[in-house]
Amino acid sequence: MNNFLNLRQVQRLPRGVVAKISHNIRAFSAQASAEEEIVVPKRIHRGPTDILKALAATVGRDPTAAHYKYHDDPFLIPGSNIGKRSFAMAQESGRKAARWIRQTDRQWFNHIVADPPVEAFLPQIVYDENSQVTEENLKQTIENVQVADAILVYNLLEKNKIELSEKTKMDFLQLICFFNAEDTLDEEWLEERWFRQGMQSQDRRRRTWKDGDLAENIFNSLETKTSEAYCAIIRGMTKFYQTQKAFALYQEALEKNIELDTTTYNYLIGISSLMKESPELQLDMCMEFLKTMKQQNVAPNLGTLNAVLQICSSLKNSKIAQQSALRTLAEFKNIGIEPSLASWYYVLITFCKERGPVSHVLVDILNEISGKSFEIRDQKDIFFFVTAMDICRNHLNDKDIAKRVDKLLHTANNYNLIGDAYKESVYYRNYVGLMADTEPIEDFMETYNRLVPNIYTPEPGIMQEVLKAVERAAAIEHIPLLWSHMVIFDYASRDQMVSKLVQIMVDNAPHPEVLHHANLPEQFNRVASEIWEKLIDLSEKRPDHFRWSGPVLGDLLFLFCRGKNFENAEKVFKKINKCENEMIGEPRPDALESFGNYCIAEKQPSLAISVLQFCVENGYPEGKKLAENLTKNLTLDEMQGIKVRSLLGQSVPQ
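Here the structure is a predicted model, which is why all the values come from computation and not from measurement.

Looking only at helices and strands, one finds 33 helices and zero strands in the protein. The C-alpha atoms of the protein give a radius of gyration of 38 Å, which is well past the 26 Å a tight globule of 654 residues would have. Taken along the three principal axes of its C-alpha coordinates, the protein extends 115 × 100 × 65 Å. In the protein, buried positions account for 43% of the 654 residues. Restricting to contacts in the protein with at least 6 residues of sequence separation, those with at least 24 account for 70%. For the protein, the computed accessible surface area is about 37,900 Å², with 51% contributed by carbon and sulfur atoms.

A full pass over the atoms with the stated rule returns 22 salt bridges. Between K245 and D211 there is a salt bridge whose closest N-O contact spans 3.4 Å. On the criterion of sequence distance, the pair formed by K245 in helix α11 (residues 243-255) and D211 in the loop between α8 (190-198) and α9 (214-221) is long-range, its members being 34 residues apart. In this structure K245 comes out as partly exposed when scored by relative accessible area, which is 32%. Exposure remark for D211: the relative accessible area of 37% places this residue in the partly exposed category.

Between helix α29 (residues 566-578) and helix α30 (residues 589-601), the least distance of the axes is 11 Å, while the angle of their chain directions is 130 degrees. What the angle tells us is that α29 and α30 run oblique. Crossing of α29 over α30 shows left-handed handedness. Contacts between α29 and α30 involve F566, A569, E570 and F573 on the former and, on the latter, L592, F595, Y598 and C599. The class makeup of the residues in the contact of α29 with α30 is seven nonpolar, no polar and one charged.

The next subject is a negative patch on the surface. Taken together, E158, E163, E166 and E223 make up a surface patch of like negative charges. One can find E158 in helix α6 (residues 147-159). With a relative accessible area of 42%, E158 lands in the partly exposed category.

Secondary-structure assignment places P605 in helix α31 (residues 605-617). In sequence terms P605 and Y70 are 535 residues apart; their C-alpha atoms lie 56 Å from each other. In this structure, P605 is in contact with L634, L636 and Q640, ignoring residues within four places of it in sequence.

This next bit is on the nonpolar core. Grouped burial of nonpolar side chains is what soluble globular proteins tend to show. Membership of the largest hydrophobic core comes to 173 residues, with the highest contact counts inside it found for F172, L362, F384, I531, L557 and F595. Excluding residues that lie within four positions of it along the chain, L557 makes contacts with A569, V572, F573, I576, A591, L592 and F595.

Within this structure, the stated rule accounts for 24 aromatic pairs. Look at F384 and F385: their rings are 5.3 Å apart centre to centre, the planes differ by 75 degrees, and that puts the pair in the edge-to-face class. The rings of F566, F573, F595, Y598, F614 and Y620 are connected pair by pair, giving a single aromatic cluster. Residue placement shows K423 over the ring face of F383; its charged tip is 4.5 Å from the ring centre. Taking the ring centre of Y598 as reference, the NZ or CZ of K564 above it sits at 5.5 Å.

Axis separation between α9 and helix α10 (residues 227-239) bottoms out at 11 Å; the angle between their running directions is 160 degrees. As judged from the angle between their axes, α9 and α10 are roughly antiparallel. Of the two elements, α9 crosses α10, and the hand of that crossing is left-handed. Of the residues in α10, those in contact with A215, E216 and F219 of α9 are A229, Y230, I233 and M237. A per-class count over the contact of α9 with α10 returns six nonpolar, no polar and one charged.

For the rest of this paragraph, the subject is a nonpolar patch on the surface. Residues W100, I101, W108 and F109 make up a contiguous nonpolar surface patch of about 500 Å² in total accessible area. Assignment of secondary structure puts F109 in the loop between α4 (81-104) and α5 (135-143).

Turning our attention to the environment of G596. Within the secondary structure layout, G596 lies in helix α30. For G596, a relative accessible area of 0% gives the class buried. The sequence separation of G596 and V40 amounts to 556 residues, and the corresponding C-alpha distance is 91 Å. What G596 contacts, discounting residues up to four positions off in sequence, is A608, V611 and L626.

The subject of this paragraph is unusual backbone geometry. Residues D115 and P116 are joined by a peptide bond in cis, for which omega reads 5 degrees. In this fold, P116 is placed in the loop between α4 and α5. Cis rather than trans, the peptide bond between V452 and P453 has omega equal to 5 degrees. Summarising the element assignment, P453 is placed in the loop between α22 (441-451) and α23 (460-473). A positive phi angle, near 55 degrees, is found at A474, a position not held by glycine. Structurally, the position occupied by A474 is in the loop between α23 and α24 (479-488).

Along α9, the residues that are buried comprise L214, A215, E216, I218 and F219. Where α9 is buried, its residues touch α6, α7 (166-179), α10 and α11.

What follows deals with helix α14 (residues 279-295). In an α-helix there are 3.6 residues to a turn, and that puts residues three or four apart on one side. End to end, α14 covers 24 Å across 17 residues, agreeing with the expected 24 Å (1.5 Å per residue, within 8%). Every buried residue belonging to α14 is among P279, Q282, L283, M285, C286, F289, T292 and M293, and all of these are buried. Buried residues along α14 sit in contact with α11, α12 (262-270), α13 (272-275), α15 (302-314) and α16 (318-334). Remark: N297 follows α14 within two positions and exhibits a positive phi of approximately 60 degrees.

Further remarks concern the side chain of K69. As for its position among the elements, K69 is in the loop between α3 (50-57) and α4. Taking the relative accessible area as the measure of exposure, K69 reaches 15% and is therefore buried. Beyond its immediate sequence surroundings of up to four residues, K69 is in contact with F87, A88, Q91 and E191.

What counts and what doesn't
- Residues numbered from 1 in each chain as written.
- Predicted model: local features only at pLDDT ≥ 70, side-chain atom pairs only at ≥ 80, totals over all residues.
- Heavy atoms only, no water.
- Helix = DSSP H or I, 4+ residues; strand = E, 2+ residues; numbered from the N terminus.
- Rg over C-alpha atoms; globule rule 2.2 N^0.38 Å.
- Buried < 20%, exposed > 50% of the residue type's maximum accessible area, 1.4 Å probe, protein only.
- Contact = heavy atoms within 4.5 Å.
- Areas by Shrake-Rupley, 256 points an atom, 1.4 Å probe, with all protein chains shown as cover.
- Salt bridge = Lys/Arg side-chain N within 4 Å of Asp/Glu carboxyl O.
- Axes fitted to C-alpha atoms, helices over the stretch in contact; angles between N-to-C directions.
- Parallel < 35°, antiparallel > 145°, perpendicular 65-115°, else oblique.
- Left-handed = near helix turned anticlockwise from the far one by under 90°.
- Nonpolar A, V, L, I, M, F, W, Y, C, P; charged D, E, K, R; others polar.
- Patch = residues over 30% accessible without salt bridge, like charges linked within 9 Å, V, L, I, M, F, W, Y side chains within 5 Å.
- Lys, Arg positive; Asp, Glu negative; His and termini not counted.
- Charge placed at Lys NZ, Arg CZ, Asp CG, Glu CD.
- Core = buried A, V, L, I, M, F, W, Y, C linked by side-chain atoms within 4.5 Å.
- Phe/Tyr/Trp six-rings, centres within 6.5 Å; stacked < 30°, edge-to-face > 60°.
- Lys NZ or Arg CZ within 6 Å of the ring centre and 35° of its normal.
- Expected span 1.5 Å × (residues − 1).

Right, dumping it as structure tokens:
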């Protein structure tokens, strides 16, 4: 029964009843308002991309899909490392070309594509020796980090004797000190930056500071050299390893009672290992910097911790290095400074030396940080995961610890700290290589299929490890997949890899029921045919550099015989017969015997006699058995009989 009255029913009620109902409703509403208090929550500040981040968090990474920067077309998605790099760089090169056209032919691009205008969409201002510039132009180039343009504008201002404010001059000094008066790569070119970083050595320490250049001239021209000026010039010199001048300026600042900031001290601590030779002197110098900071009431920070740990990791005396690192971690923890991933990276390289004793410090670190989400707080944070995985494989050889590291990498947004393209490749090289050596083949192939080829393209060495893992487990059902990947990765021309693949197919012949169930004979025949076609193509394209391999030809011959592919088997044997004196190594005798018997079954006596002749000339004992089978199962004409008897003598039955 409906408990509510509609409007028509209310109108039919007496006035007194209606008034009583209205009074009850007001009384109920007042009681509800008194009991329930509405609390308006505080406003949460949202960024312009927070909604996109929330939506992205609901969707995980699809390992079967290629990276979003590649075209969503299976025929256009690159598979090899070279292909991925070339595709990404070519795409970015197209954007560079578009920007160049917009910059050089700016008169044709007067339309406004956004309101209000976005400066990044507009052509940059071009400065030359005849430009009329002001201090505002210099400020703009400094703000946009246009180092070369800023230097040109500054020189024009100096030429025109235009006075600059102390703040502008200091900003300019900081700019050229930080970049060593050289233009840096635009942040817009993500792919070039991504691949270029991988080409740089992580420990490349050589002096690149420009002595006597603009930065030093500006610093010397300052009438009042403030703490900010000393900090800028010392940071620049230490960053580009002009250690002697940097230390001299540091001592000059101390003599003048000029206080330096924490970042400057961090830079100075970082070059302690370059200024002293023995570990004891390096630590003493580091301690002197820390004592000076305490005297000047300069508070240390995470950069200070990492600078000290970096010095500890570079000490040649392992015992002193490890003790100093642990003591440093404890002292900084007492003052409330938590380590970053860079801190743990320095601890790893301090304890896990290549030729040192096995250390399980990585386990202790994982116990401390597992399940946590990290953001980049230090430039060296991106070295942690690649170093940890390298230690898992080459130092500990422990797959369980490697899985813990990989789980941490894929926690929250930690994958952003994988580093550049080179570090990502090294990380997965060690991970996949370790899993191939230690995991059961089915578990390993599950990992392999999850990562390859869209996330990781195995290098030739790792692909060899994968083939060895398949060979150990006799899991030849994975051979067709691996061959297709070898073709995608441009490894089909690598002799050792192809030789290992065909050897596995020949040596690991499973039970006939398994072959029938998995449809492997047809697949093996297809793989062998594709390998043969690839070899023929290579021999035609690179005749001067290509050498036929006897073992590979023998294995292919054996596979074609087993796969009942007489046409290809005949082609392979003719190639063996023709290139007998040119190929590297010898084909397997049982393959020749198998093909000889196949010729007999196919009623091809002439071809069988050619096989017999090859066996006899190379001293294979299988020749006698083949001759007996030939004379027993085929009727030879007079010339063929004479040929067989001349090869093996009159002992052969006629």
